[in-house]
Amino acid sequence: MLAKVMARLAAALVALVLAVPAAVAADSAAIVTVTGAVAKPNRPAFDAFGDGFFNFHNITFSKAHAFTRPELEALGMQSVTLRYGNWPAAISFRGPRLRDVLAAAGAAGGSVTTTALDGYAAAFSAAALQGDEVLLAIEADGQPLAVGGRGPAWLVFPPGTVPGQAADTDSGLAWAVFHIKVE
Ligand SMILES: Nc1nc2c(c(=O)[nH]1)N[C@H]1C(S)=C(S)[C@@H](COP(=O)(O)O)O[C@H]1N2
Ligand SMILES: [Mo]
């Protein structure tokens with residue numbers, strides 16, 4: 001009797017251990033896709049039907065690397081606490097460095113444009129986004145950045161640290177980012 005229970009417990013444990021990585025891989029949708037000059041594509045080229053929301057934004061591509069949340073987390077979560085003048089309080093962000101996201105996609109291009117769900121696009125030279133504190137944040141104050149809030153991702157950097165960005169405004173900090181184009 002006891003042996004039977006123990007055997008069942010062991011089997012359940014093995015099933016759980018096997019199920020967890022599979023669930024992470026299969027149940028996680030892409031949240032940010034890097035397209036354009038991408039040397040390490042991991043998904044098919046643009047398809048007007050399947051890529052309905054890219055199509056809505058007139059975004060097409062032959063090469064793209066799509067990142068799930070766990071894939072972004074695996075690049076190394078960094079922390080930065082920032083405050084801009086129009087924010088009600090400082091925010092503690094976590095996410096991978098943008099340069100690590102671009103490297104993982106094999107991005108090779110001089111310009112980087114982030115596109116948000118609402119169509120807002122912020123363009124930068126790739127060189128301007130290499131800093132340690134330029135994060136593709138996916139978490140704010142301990143909470144995952146959600147769609148409907150500022151998620152799925154928020155490009156953040158400290159005031160005055162990105163060449164070409166005015167220090168007194170967060171206008172380049174694109175939130176609701178789902179697409180990064182490299183040219
Ligand atoms: N997705 C998205 N991100 C955006 C914007 C936007 O309209 N959409 N506006 C930018 C500008 S111009 C500013 S000043 C800041 C703050 O805008 P908010 O107060 O409307 O959030 O977000 C920046 N990021
Ligand atoms: Mo703005």
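Here, the structure is the one placed above.
1. Quick notes on the nonpolar core
For soluble globular proteins, the rule of thumb is that nonpolar side chains tend to be buried together.
Inference 1: Counting residues in hydrophobic clusters, the biggest one holds 39 residues, and the most contacted among them are Val34, Phe93, Trp154, Val156 and Ile180.
Inference 2: Looking at this core, the elements with two or more residues in it are β1 (30–36), β3 (78–82), β4 (91–95), α4 (98–104), β6 (121–125), β7 (135–137), β10 (154–156) and β11 (177–182).
Inference 3: Apart from the residues lying within four places of it in its own chain, the contact partners of Val156 are Val80, Leu82, Phe93, Glu133, Val134, Leu135, Ala137 and Leu173.
Inference 4: Of all hydrophobic cores here, the second largest spans six residues; its members include Phe54, Ile59, Ala64 and Phe178.

2. With respect to the pattern of salt bridges
Inference 1: Within the structure shown, the criterion is met by six salt bridges.
Inference 2: The partner of Arg69 in a salt bridge is Glu73, and the shortest N-O contact between them spans 3.7 Å. Residue Arg69 and its partner Glu73 are located together in helix α3 (residues 69–74), separated by four residues, close to a single helical turn.
Inference 3: Note that Arg97 is salt-bridged to Asp132, the shortest N-O span being 3.9 Å. Remark: Asp132 occurs in the loop between β6 and β7 and Arg97 occurs in the loop between β4 and α4; sequence separation between them is 35 residues.
Inference 4: Arg97 sits in the buried class, given a relative accessible area of 18%.
Inference 5: Taking relative accessible area as the criterion, Asp132 reaches 47% and is therefore assigned partly exposed.

3. Considerations on the side chain of Glu139
Inference 1: Structurally, Glu139 can be placed in strand β8 (residues 139–140).
Inference 2: With a relative accessible area of 13%, Glu139 lands in the buried category.
Inference 3: Residues contacting Glu139, with those up to four places away along its chain left out, are Arg69, Met77, Ser92, Phe93, Arg94, Pro144 and Leu145.

4. Some words on the sheet that holds strand β9 (residues 143–144)
Inference 1: Within the open sheet, the four strands sit side by side as β3-β4-β8-β9. Their pairing is antiparallel. Each having just a single partner strand, β3 and β9 make up the two edges of the open sheet.
Inference 2: Note: β8 against β9, two bridges, orientation antiparallel. The residue bridging Glu139 from the neighbouring strand is Pro144, located in β9.

5. Concerning the pairing of β11
Inference 1: Counting buried residues along β11, five of its six residues qualify, which places the element largely inside the surrounding structure.
Inference 2: The sheet contact formed by β1 and β11 spans four bridges and is parallel. Counterpart to Gly36 in the pairing with β11 is Val182.

6. Details of the packing of aromatic side chains
Inference 1: All chains considered together, the criterion is met by 10 aromatic pairs.
Inference 2: Taking the centre distance of 5.8 Å and the plane angle of 75° together, the rings of Phe46 and Phe61 count as edge-to-face. On the criterion of sequence distance, the pair formed by Phe46 in the loop between β1 and α2 (52–56) and Phe61 in the loop between α2 and β2 (64–68) is long-range, its members being 15 residues apart. Pair check on accessibility: Phe46 and Phe61 agree, each one buried.
Inference 3: Each member of the aromatic cluster is reached from another via a ring pair, and the members are Phe46, Phe53, Phe54, Phe56, Phe61 and Phe178.

Rules used throughout
Residues numbered from 1 in each chain as written. Chains lettered and ligands numbered in written order. Predicted model: local features only at pLDDT ≥ 70, side-chain atom pairs only at ≥ 80, totals over all residues. Heavy atoms only, no water. Core = buried A, V, L, I, M, F, W, Y, C linked by side-chain atoms within 4.5 Å. Buried < 20%, exposed > 50% of the residue type's maximum accessible area, 1.4 Å probe, protein only. Helix = DSSP H or I, 4+ residues; strand = E, 2+ residues; numbered from the N terminus. Contact = heavy atoms within 4.5 Å. Salt bridge = Lys/Arg side-chain N within 4 Å of Asp/Glu carboxyl O. Pairing = 2+ DSSP bridges. Phe/Tyr/Trp six-rings, centres within 6.5 Å; stacked < 30°, edge-to-face > 60°.

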